[in-house]
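The residues making up each chain are set out below.
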Amino acid sequence: MIANLVQLATESEQNPLIPPGPELLVGTIAFAIVFFFFWKKLLPNINKVLEERRAAIEGGIEEADAMKTEAQSVLEQYKAQLAEARHEAARLRQEAQEQGATLIAEMRAEGQRQREEIIAAGHTQIEADRKAAASALRQDVGKLATDLAGKLVGESLEDHARQSRTIDRFLDELEEKAEAAR
C-alpha cells in the first residue's frame, strides 16, 4: 500500500504544497464569504459584548470606588460618634463620682449631726437620771440618817420640816467638800 502511494506521488509532477488552481479559487472565495460574514455579523456582536463587559467592569470599579469612599465616610462618622460616646461616658462617670462624693459628705455630716444629737440627748438623760438618783438618794440618806439619829438619841425625830432642813444642810456640806476636792 505504501508502495502504491509512492508510485502515485511520483507520477504526478505537481508540488504537493501548492494546491491546484480550481481548488485555490474555490478556497479563496469560501474564505472571502466566511471573512465577510464574520466581519459584518460576528465582529460587531463580539465588539458589542466586549464593550459591554468593559463598561460593566469600569462601572463596577467606579461603583466599588464610590462604595469605598462611602464606607470610609461612614467609618469616620462611626469613629467620631464612638469618640463622642466615650467622651460622654467619661463625663457622666466624672459627674457620678462627684455626686457620690457629695452624697458621702452629706451622709457623713448627717451622721455627725445625729451622733451629736444622740450624745446631747444622752447627756441630758444622764443629767436627769443623776438628779433623780440624787433626789432619791437624799431621801433615802435622810430617812436612814433620821432613823439612825433617832436610835442614837433614843427619841423619835419625826418632825419632817426639821428633818428636811438637817438632811439638806448635811448633803450640801458633802457636795461642797466634794467640789473642793476636785
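As a reminder, the structure under discussion sits directly above these lines.
The structure displayed is predicted, hence computed values, not measured ones. (Residues numbered from 1 in each chain as written. Predicted model: local features only at pLDDT ≥ 70, side-chain atom pairs only at ≥ 80, totals over all residues. Heavy atoms only, no water.)

Caption draft 1: Focus on the overall build of the protein chain. Scanning the protein chain for helices and strands turns up three helices and zero strands. Written out in order from the N terminus, the α and β elements of the protein chain read α-α-α. Counting the 182 residues in the protein chain, one finds 3% classified as buried. Accessible surface, the protein chain as shown: approximately 16,300 Å² in total, 63% of it carbon and sulfur. (Helix = DSSP H or I, 4+ residues; strand = E, 2+ residues; numbered from the N terminus. Buried < 20%, exposed > 50% of the residue type's maximum accessible area, 1.4 Å probe, protein only. Areas by Shrake-Rupley, 256 points an atom, 1.4 Å probe, with all protein chains shown as cover.)

Caption draft 2: Local environment of the pattern of salt bridges. Under the criterion given, the structure shown has seven salt bridges. For the salt bridge of Arg113 with Glu110, the shortest nitrogen-to-oxygen distance reads 2.3 Å. Of this pair, Arg113 and Glu110 both sit in helix H2 (residues 21-153), three residues apart, which is roughly one turn of the helix. Judged by its relative accessible area of 36%, Arg113 falls in the partly exposed class. (Salt bridge = Lys/Arg side-chain N within 4 Å of Asp/Glu carboxyl O.)

Caption draft 3: Summary view of the packing of aromatic side chains. Under the defined criterion, the tally for this structure stands at three aromatic pairs. An angle of 20° between the planes, with centres 6.2 Å apart, marks the rings of Phe31 and Phe35 as stacked. In this pair, Phe31 and Phe35 both sit in helix H2, four residues apart, roughly one turn of the helix. When its relative accessible area of 59% is taken as the criterion, Phe31 is described as exposed. Classification of Phe35 by relative accessible area gives partly exposed; the value is 49%. (Phe/Tyr/Trp six-rings, centres within 6.5 Å; stacked < 30°, edge-to-face > 60°.)

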